[in-house]
Amino acid sequence: MKRLLEALFGVVALTGLPYLIYLGVYYLRRPSGTPAETWPREPSVSIVLPTYNEAAIVESKLEELVELDYPMDRVEIVVVDSSDDGTADLVETFFAGRRDPTLTLIREDERRGLAPALNEAYAAAANDVVVKTDCDSRIAADALRKAAANLADPSVAAVTGRNAAVIGDSDVERGYRDIQTMIQVLESHIDSTLIFHGPFSAFERDAIVPIDEDSIADDSELALKIRRNGGRVVFDPAIRYKEAAHSEFGKRREQKDRRAMGLLRLLWRQRDALGRHGAYGRVVLPFNWWFMIVSPWLVAAGLGVATIGSLAVLGPLGLVTPAGVIAFTALGSRDALGPAQPLYALFDSQISLFRASVSLLRAHATGDEETHDGTWSPDRELREVLQ
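Residues numbered from 1 in each chain as written. Predicted model: local features only at pLDDT ≥ 70, side-chain atom pairs only at ≥ 80, totals over all residues. Heavy atoms only, no water.

Looking at the pattern of salt bridges
Side chains carrying opposite charge are able to pair once their charged atoms draw close together. Across all of its chains, the model carries 23 salt bridges by this definition. Residue glutamate 120 is joined to arginine 112 by a salt bridge in which the shortest nitrogen-to-oxygen separation is 2.7 Å. The class of glutamate 120 is partly exposed, set by a relative accessible area of 34%. Across the pair arginine 265 and aspartate 214 runs a salt bridge whose closest N-O atoms are separated by 4.0 Å. Placement of the pair is arginine 265 in helix 8 (residues 249-269) and aspartate 214 in the loop between strand 7 (201-204) and helix 7 (218-228), with a sequence separation of 51 residues. The exposure class of arginine 265 is buried, given its relative accessible area of 11%. What makes aspartate 214 partly exposed here is its relative accessible area of 28%. (Salt bridge = Lys/Arg side-chain N within 4 Å of Asp/Glu carboxyl O. Buried < 20%, exposed > 50% of the residue type's maximum accessible area, 1.4 Å probe, protein only. Helix = DSSP H or I, 4+ residues; strand = E, 2+ residues; numbered from the N terminus.)

So, a nonpolar patch on the surface
Taken together, the side chains of Val313, Leu314, Leu317 and Val320 define a hydrophobic patch exposed on the protein surface, amounting to about 390 Å² of accessible area. Residue placement: leucine 317 occurs in the loop between helix 9 (279-314) and helix 10 (320-333). By relative accessible area, leucine 317 is classed as exposed at 65%. (Patch = residues over 30% accessible without salt bridge, like charges linked within 9 Å, V, L, I, M, F, W, Y side chains within 5 Å. Areas by Shrake-Rupley, 256 points an atom, 1.4 Å probe, with all protein chains shown as cover.)

Comments concerning the UniProt feature "transmembrane region" (unreviewed entry) in the chain
Here the UniProt feature "transmembrane region" (unreviewed entry) sits at residues 7-28 and 289-314. For residues 289-314, the end-to-end C-alpha separation is 36 Å, with 100% helix and 0% strand making up the annotated structure. (UniProt positions renumbered as here; feature names shortened; annotations may be inferred.)

Notes on the nonpolar core
Counting 34 residues, the largest nonpolar core has Ile47, Leu62, Ile77 and Phe200 as its most contacted members. For this core, the elements supplying multiple residues, two or more each, are strand 1 (45-51), helix 2 (58-66), strand 2 (75-81), helix 3 (87-95), strand 4 (129-132), helix 5 (143-151), strand 6 (156-167) and strand 8 (232-244). If one sorts the elements of this core by residue count, helix 5 sits on top with five residues. Residues contacting leucine 62, with those up to four places away along its chain left out, are Leu49, Ile77, Val91, Phe94 and Phe95. Counting 29 residues, the second-largest nonpolar core is a separate cluster that includes Ile195, Leu263, Tyr280 and Leu353. (Core = buried A, V, L, I, M, F, W, Y, C linked by side-chain atoms within 4.5 Å. Contact = heavy atoms within 4.5 Å.)

Focus: unusual backbone geometry
Following aspartate 100, the chain continues to proline 101 via a peptide bond in cis, the omega torsion being -5°. Structurally, proline 101 can be placed in the loop between helix 3 and strand 3 (102-107). The backbone of asparagine 53 shows a phi angle near 50°, a positive value even though the residue is not glycine. Note that asparagine 53 resides in the loop between strand 1 and helix 2. The exposure class assigned to asparagine 53 is partly exposed, which follows from its relative accessible area of 22%. The backbone of histidine 277 sits at a positive phi, close to 65°, despite the residue not being glycine. Checked against the element boundaries, histidine 277 lands in the loop between helix 8 and helix 9.

Side note on the environment of aspartate 153
With respect to the helices and strands, the residue aspartate 153 is situated in the loop between helix 5 and strand 6. Judged by relative accessible area, which is 7%, aspartate 153 ranks as buried. Sequence separation between aspartate 153 and arginine 232 is 79 residues, and the spatial gap between their C-alpha atoms is 9.7 Å. Beyond its immediate stretch of four places on either side in the chain, aspartate 153 contacts Ala36, Glu37 and Trp39.

Describing the environment of leucine 62
Locating leucine 62 in the fold gives a position in helix 2. Take leucine 62: its relative accessible area is 0%, and that puts it in the buried class. Put simply, leucine 62 and isoleucine 77 are 15 residues apart on the chain and 9.0 Å apart in space, counted from C-alpha to C-alpha.

Thoughts on the packing of aromatic side chains
Applying the stated criterion across every chain, the model contains 10 aromatic pairs. Aromatic pair phenylalanine 328 and phenylalanine 347: ring centres 5.7 Å apart, planes at 70°, arrangement edge-to-face. Residue phenylalanine 328 is found in helix 10, and its partner phenylalanine 347 is found in helix 11 (residues 341-366); the two are separated by 19 residues along the sequence. With centroids separated by 6.5 Å and ring planes inclined at 45°, the aromatic side chains of tyrosine 344 and phenylalanine 347 adopt a geometry described as tilted. Taken together, the residues tyrosine 344 and phenylalanine 347, both in helix 11 and three residues apart, mark about one turn of the helix. When sorted by exposure, tyrosine 344 lands in the same class as phenylalanine 347, which is buried. Cation over ring: arginine 111 sits above tyrosine 52, and NZ or CZ is 3.6 Å from the ring centre. The aromatic ring of tryptophan 268 is capped on one face by arginine 271, whose charged end is 4.0 Å from the ring centroid. (Phe/Tyr/Trp six-rings, centres within 6.5 Å; stacked < 30°, edge-to-face > 60°. Lys NZ or Arg CZ within 6 Å of the ring centre and 35° of its normal.)

Thoughts on empty space enclosed by the protein
In this structure the tally under the stated criterion is four cavities of 30 Å³ or more. Estimates place the volume of the largest cavity at around 80 Å³. Lining the largest cavity are 10 residues, with Gln180, Ile183, Ile195, Asn288 and Phe291 positioned closest to its centre. Of all the secondary-structure elements, those providing two or more residues to the lining of the largest cavity are helix 6 (171-190) and helix 9. The element that contributes the greatest number of residues to the lining of the largest cavity is helix 6, accounting for five residues. Here the lining of the largest cavity is built from residues that sort into six nonpolar, three polar and one charged. For the lining of the largest cavity, the domains that each give at least three residues are domain 1 (1-29 + 266-364) and domain 2 (43-244). (1 Å grid on protein atoms, 1.4 Å probe; cavity = no way out; pocket = protein on both sides within 12 Å on 5 of 7 lines; lining within 4 Å. Points joined across faces, edges and corners; volume = space filled by probe spheres on them. Nonpolar A, V, L, I, M, F, W, Y, C, P; charged D, E, K, R; others polar. Domains from an automatic or database assignment.)

So this is what it looks like as structure tokens:
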């Protein structure tokens, strides 16, 4: 029993130490806002919008884009579409007779996945700054201006923003994004951030490079490659967007697991960046490796050791440990933990990362890795919320 307690204490201490270090650095540095030296400017902008069967919401998304607080005569909208529901026709109708912004519509004959579509759209983008956004999101009216101000800094080649509100009333997702904001602000002030967000990411066109055709973390992959090429990639919490997210446990689990899988695969494929590229490879990437790859397995091991120890000491009554974890999960998924809710958001992300790790390992062992490609299916429930 003593050895079990020692093992449990060791696992908990090992799991928590990097987070305590992070909190210490955060409160010592007190970072806020973007680290970029910003100033107003109005470069030409290409907004890339990938679509697949978005007939229900594409017009409202286009309305949002043309009403952004930015000179529309300096904006090009690049839509790359592989739909079979008439989305591309709706896009053409929307722009018929409209002088500004200009439209570049890429119709794909077959669906190849998101990453190949984005590579084609990025290559077609003609303007100085390229912004990528998703149909199932809404961005603030000043997002382009704030992105341009960040990219005015010669050292900054890409910038992403913050999920300021969750469409669909997912309090759990909101809690996780608040923690993520703290992490990304500190990363950006140290050097650069890892995670870029599909609802809004902006890049200097000359810095864009092709992404892997099977990527399922396309925005973060592009940002990581840009950082490897010498440009800083930062997070500005003043750039705000809204993204649809599920509040129902099972659907949210699927959504988060897929994102986790993409980030894990990205970290593994780009593992040679560890220790390189300044503080990015020496601090930011190691922390993300710990958070996404090592820590989830330690959390799973800690739960296993705690359960075994409880059963060894209490017999059948030791089932109180797994029962407590289940109750914690059930309450947390319903946003019913009060002050402890942020702890559940962190725990929830670790479970997603662990499940994604297992899924990737299983796929590798069975030679079935090609099933994890860059295609996606529009979520009808979230589209209804957006409508």
